[in-house]
Amino acid sequence: MALLEIRNIHKSFDNLDVLTGVDLTVNKGDVVAILGPSGSGKTTLLRCINYLETADQGTMVFNGKEYDLAHTSHKDIAAIRKNTGFVFQNYNLFKNKTALQNVTIGLTSARKMPKEKADEIGMKMLERVGMADRADHYPSQLSGGQQQRVAIARALATDPQIIYFDEPTSALDPELIGEVLSVMRKLALEGMTMIVVTHEMSFAKDVSSHVIFMEGGNIVEEGPSKEFFANPKEERTREFLRMEDNRAGI
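Here the structure is a predicted model, which means the values were calculated and not measured. (Residues numbered from 1 in each chain as written. Predicted model: local features only at pLDDT ≥ 70, side-chain atom pairs only at ≥ 80, totals over all residues. Heavy atoms only, no water.)

**Student:** Sorry, what's going on with the sheet that holds strand β3 (residues 31–35) here?
**Tutor:** Adjacent strands of a sheet pair through backbone hydrogen bonds, lying either parallel or antiparallel. Strand order in the open sheet formed by six strands is β6-β7-β8-β3-β9-β10, with mixed pairing between adjacent strands. In this open sheet, the two edge strands, each paired with only one partner strand, are β6 (84–87) and β10 (218–224). Within the sheet, the average angular offset between the axes of one strand and its neighbour, ignoring direction, is 15°. Pairing between β3 and strand β8 (residues 193–197): four bridges, direction parallel. Looking across to β8, one finds that I34 is bridged to V197. Against the sheet, helix α1 (residues 42–49) contacts β3, β6, β7 (162–166), β8 and β9 (210–215), and its axis sits at roughly 145° relative to β7. Against the sheet, helix α6 (residues 174–189) engages β3, β7 and β8, with an angle of about 145° to β8. (Pairing = 2+ DSSP bridges. Helix = DSSP H or I, 4+ residues; strand = E, 2+ residues; numbered from the N terminus. Axes fitted to C-alpha atoms, helices over the stretch in contact; angles between N-to-C directions. Contact = heavy atoms within 4.5 Å.)

So, in structure tokens, the structure goes:
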């Protein structure tokens with residue numbers, strides 16, 4: 001059974017249609033890579049799914065329960081978010097808190113977990129992303145890649161059923177991208193369900209199980225990763241992949 005189903009999601013900003021009827025199905029253990037040019041609606045889709053933006057219309061079935069994306073109660077949104085994690089492009093860490101405090105804040109403030117137990121979970125999560133030795137460092141003392149790994153640890157701390165990644169490496173210097181992608185590869189091998197908006201073709205090819213290509217607020221093509229890259233059906237998809245290969249110097 002699908003963990004997440006989105007049907008006919010629409011979103012406009014002023015008079016600009018950003019999403020125009022997108023459907024999406026994610027099964028437990030899937031790693032879905034969402035590709036597409038800037039302005040295609042990728043990030044807006046992710047933000048609507050996690051209620052960082054309110055969709056104009058559409059339905060979502062999460063864990064077998066159906067929601068109207070345009071009219072979901074605060075209580076239901078809170079319940080959904082307890083089972084999801086979100087990793088932002090620019091880390092979104094609290095500058096005045098240590099790495100460990102950034103990871104545990106959701107446990108102690110939102111879930112009222114005792115500090116001792118939260119710290120125990122937080123250290124396990126930092127260890128999982130290779131950051132246990134930086135637990136007492138502040139964001140200003142960490143590289144961009146290290147900050148993003150702390151952000152991933154924060155997303156993992158609440159034991160989510162699915163994690164959304166919004167271009168998690170796009171703010172990083174090229175030499176720091178690998179350390180973040182390696183953590184994400186590890187999570188995929190462990191069976192974490194993920195939706196990843198990304199420009200990293202190597203991740204989409206090697207790690208994702210399913211690829212979606214978006215343009216103009218809709219899905220142009222989607223399919224299993226191997227099939228998508230080996231035999232894209234749409235000319236627009238082929239053109240996009242050629243451009244990405246040229247950009248990467250392939």
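**Student:** Would you mind showing me how to read the pattern of salt bridges here?
**Tutor:** Summed over all chains, the structure comprises 13 salt bridges. With its nearest N and O atoms 3.0 Å apart, the salt bridge here joins E235 to R242. Among the ionic pairs, E239 bridges to R236, the shortest N-O distance being 3.8 Å. Of this pair, E239 and R236 both sit in helix α9 (residues 235–248), three residues apart, roughly one helical turn. According to the relative accessible area criterion, E239 is partly exposed, its value standing at 35%. Residue class for R236 comes out partly exposed when judged on its relative accessible area of 22%. Connected through salt bridges with shared partners, the residues E215, R236 and E239 form a single ionic network. (Salt bridge = Lys/Arg side-chain N within 4 Å of Asp/Glu carboxyl O. Buried < 20%, exposed > 50% of the residue type's maximum accessible area, 1.4 Å probe, protein only.)

**Student:** Is there a simple way to explain the nonpolar core in this structure?
**Tutor:** Note that soluble globular proteins tend to have their nonpolar side chains buried in a common cluster. If you look at the biggest cluster of nonpolar residues, it comprises 39 residues, and the most contacted ones within it are L126, V150, I152, L156, F165, M184 and M194. Among the elements that make up this core, the one with the highest residue count is α6 (eight residues). Counting residues in hydrophobic clusters, the runner-up holds 29 residues, among them L19, V26, L45 and A55. (Core = buried A, V, L, I, M, F, W, Y, C linked by side-chain atoms within 4.5 Å.)

**Student:** Hey, could you run me through the side chain of S208 in this one?
**Tutor:** Mapping S208 onto the fold places it in the loop between α7 (201–206) and β9. Residue classification places S208 among the buried residues on the basis of a relative accessible area of 6%. Engagement of the side chain of S208 in a polar contact is seen with the backbone oxygen of A204, the distance being 2.4 Å. Ignoring any residue separated from it by four or fewer positions in sequence, one finds S208 in contact with V31, A33, F203 and S225. (Polar contact = N/O pair within 3.5 Å; in protein donor to acceptor, adjacent residues only side chain to side chain.)

**Student:** What is the right way to look at α6 in this model?
**Tutor:** Since the α-helix packs 3.6 residues into each turn, any two residues three or four apart lie on the same face. With 16 residues, α6 should cover 22 Å at 1.5 Å per step; its first-to-last C-alpha distance of 24 Å lies within 8% of that length. Packed against the buried residues of α6 are β3, α4 (115–128), α5 (144–157), β7, β8 and α7. (Expected span 1.5 Å × (residues − 1).)

**Student:** Looking at this structure, how should I read α4?
**Tutor:** With 14 residues, α4 extends 20 Å from end C-alpha to end C-alpha; this agrees with the ideal 20 Å at 1.5 Å per step. Those residues of α4 not exposed but buried are A118, D119, G122, M125 and L126. Relative to the axis of α4, the buried residues are bounded by an arc of 125° and lie together on one face. α4 presents E116, K124 and E127 as exposed residues on the side facing more than 90 degrees away from its buried surface. Here the buried face of α4 lies against α3 (99–110) and α5. With its phi angle positive at about 75°, G130 sits one or two positions after the end of α4. (Arc of directions from axis to C-beta.)

**Student:** Would you explain the sheet that holds strand β2 (residues 16–27) in this entry?
**Tutor:** Read from one edge of the open sheet, four strands run β2-β1-β4-β5, paired in antiparallel fashion. On the outer flanks of this sheet lie β2 and β5 (65–68), each paired with one strand and no other. Taking the axes of each pair of neighbouring strands and ignoring which way they run, one obtains an average angle of 15° across the sheet. Packing of α1 onto the sheet brings it into contact with β1 (2–13), β2 and β4 (57–62), and relative to β1 it is tilted by some 115°.

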